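Spelled out from the first residue to the last, the chains are:
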Amino acid sequence: LNEKKDSISESKEIPIIAIKDLSFKYDNESVLENISLQINKGQKVAILGATGSGKSTLLSLLIRLYDDYEGTIQIGGKDIRSYSYNTIRNYITYVPQNPLLLNDSIKNNITLCNDKFSEEDIIRAAKQAEIHDFITLLPDDYNTIIGDRGCNLSGGQQQGISLTRAFIKDSPILLIDEGTAALDPELESNVMSNIINNMNDKTMIIVSHKISTVLNADYIYVFNDGKIIESGNPKELWQRNGYFRSMANLQNIKL
Ligand code: ATP
Ligand code: MG
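Quick caveat: nothing in here was measured; it's all calculated off a predicted structure. Each chain carries its own residue numbering, running from 1 in the direction its sequence is written. To read the labels, note that chains go from A and ligands from 1, taken in the order they are written. Side-chain atom pairs in this predicted model are given and counted only at pLDDT of 80 or more, local residue features only at pLDDT of at least 70, and totals for whole chains, interfaces and linings cover all residues. Excluded from the side-chain calculation are hydrogens and water; included are all heavy atoms of the structure.

Overview of the side chain of Lys-55
What counts, and what does not: We count a stretch as a helix when DSSP gives it H or I for four or more residues in a row; a strand needs E for two or more, and each element gets its number in order from the N terminus. With a 1.4 Å probe rolled over the protein chains alone, any residue whose accessible area is under 20% of its type maximum counts as buried; one over 50% counts as exposed, and the rest are partly exposed. Under the counting rule used here, the positive set is Lys and Arg, the negative set is Asp and Glu, and His together with the chain ends is not counted. By definition, a salt bridge exists where a carboxyl oxygen of Asp or Glu is found within 4 Å of a side-chain nitrogen of Lys or Arg. Counting of polar contacts relies on pairs of N or O atoms within 3.5 Å, with two restrictions inside protein: one atom must be capable of donating a hydrogen and the other of accepting it, and residues adjacent in sequence are counted only when both atoms are side-chain atoms. Two residues qualify as a contact provided that any one of their heavy atoms is within 4.5 Å of a heavy atom in the partner residue.
Residue position: Lys-55 is located in helix α2 (residues 55-62). The buried charged residue Lys-55 lacks any salt bridge partner; its closest oppositely charged side chain belongs to Glu-178, at an N-O distance of 5.6 Å. For Lys-55, the side chain forms a polar contact with the main-chain oxygen of Gly-49, separated by 2.9 Å. In terms of polar contacts, Lys-55 uses its side chain to reach the backbone carbonyl oxygen of Ala-50, at 3.0 Å. Excluding its chain neighbours within four sequence positions, the residues that come into contact with Lys-55 are Ile-47, Leu-48, Gly-49, Ala-50, Val-207, His-209 and Phe-223.

Looking at the coordination of the magnesium ion (ligand 2)
Rule in force here: For Na, K and Ca the donor cutoff is 3.2 Å, while for all other metals N, O and S atoms must lie within 2.8 Å; water is not among the atoms, so some sites may look incomplete.
Distances from the magnesium ion (ligand 2) to its protein donors, Ser-56 (OG) and Gln-97 (OE1), fall at 2.0 to 2.3 Å. Taken as a pair, Ser-56 in helix α2 and Gln-97 in the loop between β6 (92-95) and α4 (106-111) lie far apart in primary sequence, 41 residues in all. For Ser-56, a relative accessible area of 24% gives the class partly exposed. A residue is classified by how much of its surface remains accessible, and Gln-97, at 36% relative accessible area, is partly exposed.

What about helix α7 (residues 155-168)?
Basically, it comes down to this: Here the expected span of a helix is defined as 1.5 Å times the quantity of residues minus one.
With 14 residues, α7 extends 20 Å between its outermost C-alpha atoms, agreeing within 8% with the 20 Å of an ideal straight helix rising 1.5 Å per residue. Of all 14 residues in α7, 12 are buried, a share of seventy percent or more. Residues of α7 that are buried make contact with β6, α4, α5 (119-128), α6 (132-136), β7 (173-177) and α8 (185-198).

A few points about the site of ligand 1
Spelled out, the test is: Near is defined per residue: the residue qualifies when any heavy atom it owns lies within 4 Å of the molecule or strand. A 1.4 Å probe that fits but cannot get out identifies a cavity on a 1 Å grid over protein atoms alone, an open set with protein on both sides within 12 Å along at least five of seven lines counts as a pocket, and a residue lines either if it has an atom within 4 Å of a point. Any molecule with more than half of its atoms within 2 Å of a cavity's or pocket's grid points is counted as sitting in it. Nonpolar residues are Ala, Val, Leu, Ile, Met, Phe, Trp, Tyr, Cys and Pro. Charged residues are Asp, Glu, Lys and Arg, and all others, Gly as well, are polar.
Taken together, the neighbourhood of ligand 1 is formed by 14 residues, with Gly-52, Lys-55, Ser-56, Thr-57 and Gln-97 sitting nearest. Between Thr-57 and ligand 1, the recorded distance is 2.5 Å, taken from a side-chain N or O atom to an oxygen atom. For ligand 1, an oxygen atom lies 3.0 Å from a polar atom in the side chain of His-209. In this structure, ligand 1 is accommodated by the second largest pocket. Of all the secondary structure elements, the ones that give two or more residues to the shell around ligand 1 are β2 (29-39) and α2. Here the shell around ligand 1 gets three residues from one element, more than from any other, and that element is α2. Split into classes, the residues belonging to the shell around ligand 1 amount to four nonpolar, eight polar and two charged.

Description of the packing of aromatic side chains
Here is the rule we go by: Here a pair means two rings of Phe, Tyr or Trp (six-membered ring of Trp) with centres within 6.5 Å. Their orientation is stacked below 30 degrees between planes, edge-to-face above 60, and tilted elsewhere. We call a charge positioned over a ring when the NZ of a Lys or the CZ of an Arg lies within 6 Å of the ring centre and within 35 degrees of the ring normal.
Using the criterion set out here, one finds four aromatic pairs in the structure. Between Phe-24 and Tyr-26, the aromatic rings sit 5.1 Å apart at their centres with planes inclined by 80 degrees, giving edge-to-face as the arrangement. Classification of Phe-24 as buried rests on a relative accessible area of 3%. Counting every residue linked through ring pairs, the aromatic cluster contains Phe-24, Tyr-26 and Tyr-66. When the ring centre of Tyr-85 is taken as origin, the NZ or CZ atom of Arg-64, which lies over that ring, is 4.3 Å away. In this arrangement the basic side chain of Arg-245 is found over the ring face of Trp-238, its NZ or CZ atom lying 3.8 Å from the centre.

Details of the sheet that holds strand β1 (residues 17-26)
Put simply, the rule is: Strand pairing requires that DSSP identify at least two bridges connecting the strands. To get an axis, a line is fitted to the C-alpha atoms, and for a helix only the part in contact is used. The angle between two axes follows their N-to-C directions and goes from 0 to 180 degrees.
Ordered in space as β2-β1-β4-β5, the four strands form an open sheet in which the pairing is antiparallel. A single partner strand is all that each edge strand has here, and the edge strands are β2 and β5 (78-79). In this structure, β1 lies alongside β2, joined through seven bridges in antiparallel fashion. Paired with Phe-24 across the two strands is Leu-32, which belongs to β2. Across the sheet, α2 is in contact with β1, β2 and β4 (70-75); its angle to β1 comes to roughly 115 degrees.

Focus on unusual backbone geometry
In this structure, Arg-64 is a non-glycine residue whose phi angle is positive, near 65 degrees. Mapped onto the elements, Arg-64 comes out in the loop between α2 and β4. Note on Arg-64: relative accessible area 9%, which makes it buried. In this model, Glu-130 sits at a positive phi of 60 degrees, which is unusual for a non-glycine residue. What makes Glu-130 partly exposed here is its relative accessible area of 31%.

Written out as structure tokens, the structure reads:
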């Protein structure tokens, strides 16, 4: 009953995510300064920016890791601090920059021990994350124990398991923080297409350093030193001759 009262409105008239004048500090160091942005339901938004510019911090505020910021963050027109952690967790799927894996079976790592998922669900999601073939080669396939924090797996394989969680969980908002960065270029491109093709109805924020990963975004924000220094669709940013264009040049990408 509580959950129902707490549910998140998806009215088309209000942006699904609205951030206004957001500023945040860890200890005394200012990390985000006066960030304002709005994301409509179903929009695919990318965040680019230098190391340490505050990208991961912004995502951590969206999942309520910290509440002590200035300004407001609204989801569905209401302050996120008015929702329970449970509501936020069900509504938002977050793929962190460093996968958090448990010393448990691959299956439990994918489902997080939630038994509502069938074997079929698990395999479908693992295929979309392009990790199924690898899993079937393991001694106990989906029942193989992956070691402390996934230490028996490569970085890309750990990321594959972490992404499988995103494909299996059906939530309206998806936040991916460098979620495909450890994959080789071919795998990365396949997984990105699977994300776009299978989760097209979701609202997404994708943080990446790779221009190729953000070319299909509806809108891109460029962060520098905790501030938004550029924003627009890929074409607009290309024409603007700023950070996006110089990153594209470095990565040999032309629009
Ligand atoms: P990257 O591209 O390297 O992932 P980022 O844009 O995601 O960088 P953040 O992780 O948001 O950057 O970090 C922004 C700033 O906040 C950095 O200066 C970092 O040192 C600092 N920072 C991050 N997490 C913490 C923390 N838990 N405590 C204190 N400072 C932190
Ligand atoms: Mg980061």
